[in-house]
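What follows is the residue order along each chain.
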Amino acid sequence: MDRIRIRGGNPLKGRIAISGAKNAALPLMAASLLTDETLTLTNLPQLADIATLASLLAQHGVAISMNGEAPQGGHSGRALSLTAATITNTTAPYDLVRKMRASVLVLGPLVAREGRARVSLPGGCAIGTRPVDLHLKGLSQLGAAIDLTEGYIEARAPHGLKGAHIVFPTVSVGATENLMMAATLADGESVLVNVAREPEIGDLARCLIAMGAEIAGVGTDTLRIRGVKRLGGATHAIIADRIEAGSYAIAAAITRGDLELSGVSVELFEAFLECLQRMGVAVMPTADGLRFVCSGNELVGVDVMTEPFPGFPTDLQAQIMALMTTVSGAAMITETVFENRFMHVPELCRMGANINVHRASAMVRGVPHLTGAPVMATDLRASVSLVLAGLAARGETTINRVYHLDRGYERIEEKLAACGADIERVRGNA
Ligand code: EPZ
């Protein structure tokens, strides 16, 4: 299994091209099931999760082709064409769904187009129980009959889905995406209330509209979707990955460096940028992105609470915690989205961090310096928080289970090394 080895202490300086967003790309790929025409997605990140979903879609009968290398230093990325001319199989098997929970996003499109789907229940995961009850309740409100048998969700709507008024009791990104996709082909109007407003939802809505869907209220907490008989093909550019960008912004801050991130804009993550600024990081717009300058700045701890967008993203909680361990003063970090998303805490403490967790909050007290150590993490964002801590720590840090990082960070060691980090990937048995 690959490992990442870091010798910490180098302030990062340079420019990093931000890739297309993983969490936008996955639902967009699932949307290809809604039409028999070709959906082409550009700015596609090259990640393990994208490959997993491509395998799942291929076994549903989707023809997939990929072309275009990422241009030097740019971020227009690769183009993926998906054509679901005929859906040959409506089952999403356990072996693929258990690898990646986002596989459940094929449920809505399959039922909407084929009138049936059999999708493995995803099960628990390292950051929480993560049920899919909101996806299922919404689909049944759209008229699907839902049964849970032998670990599978069986959904049937032989006469098609019917528009409905659906109020989400809690905000869910995945349920909003699944039901928005399903409602585009339902008979009549659907109103989805208390939907998630993450930028990736807006990106999906814009692509569906380009495919012929009728969706109003994009960017608000209520979506009105008038079902259409069929959707067509489209070409859509995936938005920049705000979580990748936030992670590299923290790399600049934690090494007291100076990084320009191209391809990102303020509205993707205002709450996060405000937090960095309050800590003492200078954030400046550039011609095609944002620059984060921390050289010579004294950074201070500030309290953070994760919330659905436009709040501070849970997917940047582990990374901001790594930063807080290295600044003056204390910070209270409260996680409100997932119930078990502090798995990085014991590993950060092994590197010398001072963190106390009480229920959903972690009290972080800054220490003069972190020290390198062998560490491992149980999920993607926890892993990257250890990379960030390693960049700042004295001595050598080895991060095990790099496959977590490869799910969501494209060429992370290359991007960081190009800006002066002493980082390398140690292959398999080395
Ligand atoms: C998406 O997961 C992201 N994944 C996650 O990114 C992200 O952390 C999360 O949204 C929150 O922003 C993708 O976009 C592929 P939710 P999702 O449904 O859709 C509860 C990463 O690191 N809930 O918004 O699964 C749930 O348990 C990841 O890239 C229900 O109770 O998240 C959680 O507590 C990890 N019932 C909360 O809602 C449901 O039916 C929010 O989950 C659905 C969700």
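What counts, and at which threshold
Residues numbered from 1 in each chain as written. Predicted model: local features only at pLDDT ≥ 70, side-chain atom pairs only at ≥ 80, totals over all residues. Heavy atoms only, no water. Phe/Tyr/Trp six-rings, centres within 6.5 Å; stacked < 30°, edge-to-face > 60°. Lys NZ or Arg CZ within 6 Å of the ring centre and 35° of its normal. Pairing = 2+ DSSP bridges. Helix = DSSP H or I, 4+ residues; strand = E, 2+ residues; numbered from the N terminus. Axes fitted to C-alpha atoms, helices over the stretch in contact; angles between N-to-C directions. Contact = heavy atoms within 4.5 Å. Salt bridge = Lys/Arg side-chain N within 4 Å of Asp/Glu carboxyl O. Buried < 20%, exposed > 50% of the residue type's maximum accessible area, 1.4 Å probe, protein only. Parallel < 35°, antiparallel > 145°, perpendicular 65-115°, else oblique. Nonpolar A, V, L, I, M, F, W, Y, C, P; charged D, E, K, R; others polar.

A. Geometry of the packing of aromatic side chains. Using the criterion set out here, one finds two aromatic pairs in the structure. Chaining the aromatic ring pairs together yields one cluster made of F269, F272 and F312. A cation over a ring is seen here: R118 above Y152, with NZ or CZ 4.0 Å from the ring centre.

B. Focus on the sheet that holds strand β14 (residues 234-237). The strand order β4-β5-β3-β14 describes an open sheet built from four strands, whose pairing is mixed. Looking at the sheet topology across the chains shown, the edges are occupied by β4 (63-67) and β14. Direction aside, neighbouring strands of the sheet carry axes that sit 15° apart on average. Pairing analysis gives four bridges linking strand β3 (residues 38-44) to β14, with the strands arranged parallel. In the sheet register, T42 faces β14, and the bridge partner there is A237. Along the sheet, helix α1 (residues 22-31) contacts β3, β5 (78-83) and β14; its crossing angle with β3, the most-contacted strand, is approximately 170°. Contacts from helix α7 (residues 199-210) reach β3 and β14 within the one sheet, and its direction differs from that of β14 by about 160°.

C. Focus on the pattern of salt bridges. On inspection of all chains with the given rule, the structure shows 29 salt bridges. D147 is paired through a salt bridge with R156; the nearest N and O atoms lie 2.9 Å apart. Residues E414 and R411 are paired through a salt bridge, measuring 3.3 Å at the closest nitrogen-oxygen approach. Residue E414 is classed as partly exposed on the basis of its relative accessible area of 44%. Taken together, the shared-partner salt bridges in this structure form one network comprising D2, D406, E413, R425 and R427.

D. Just the packing of helix α6 (residues 173-184) against α7, in detail. Packing of α6 against α7 brings their axes to within 10 Å, and their N-to-C directions diverge by 10°. Viewed along their axes, α6 and α7 adopt a mutual orientation that is roughly parallel. Contacts from V173, T176, E177, M180, M181 and T184 of α6 reach α7 at E200, I201, L204, A205 and L208. Taken together, the residues of the contact of α6 with α7 break down into seven nonpolar, two polar and two charged.

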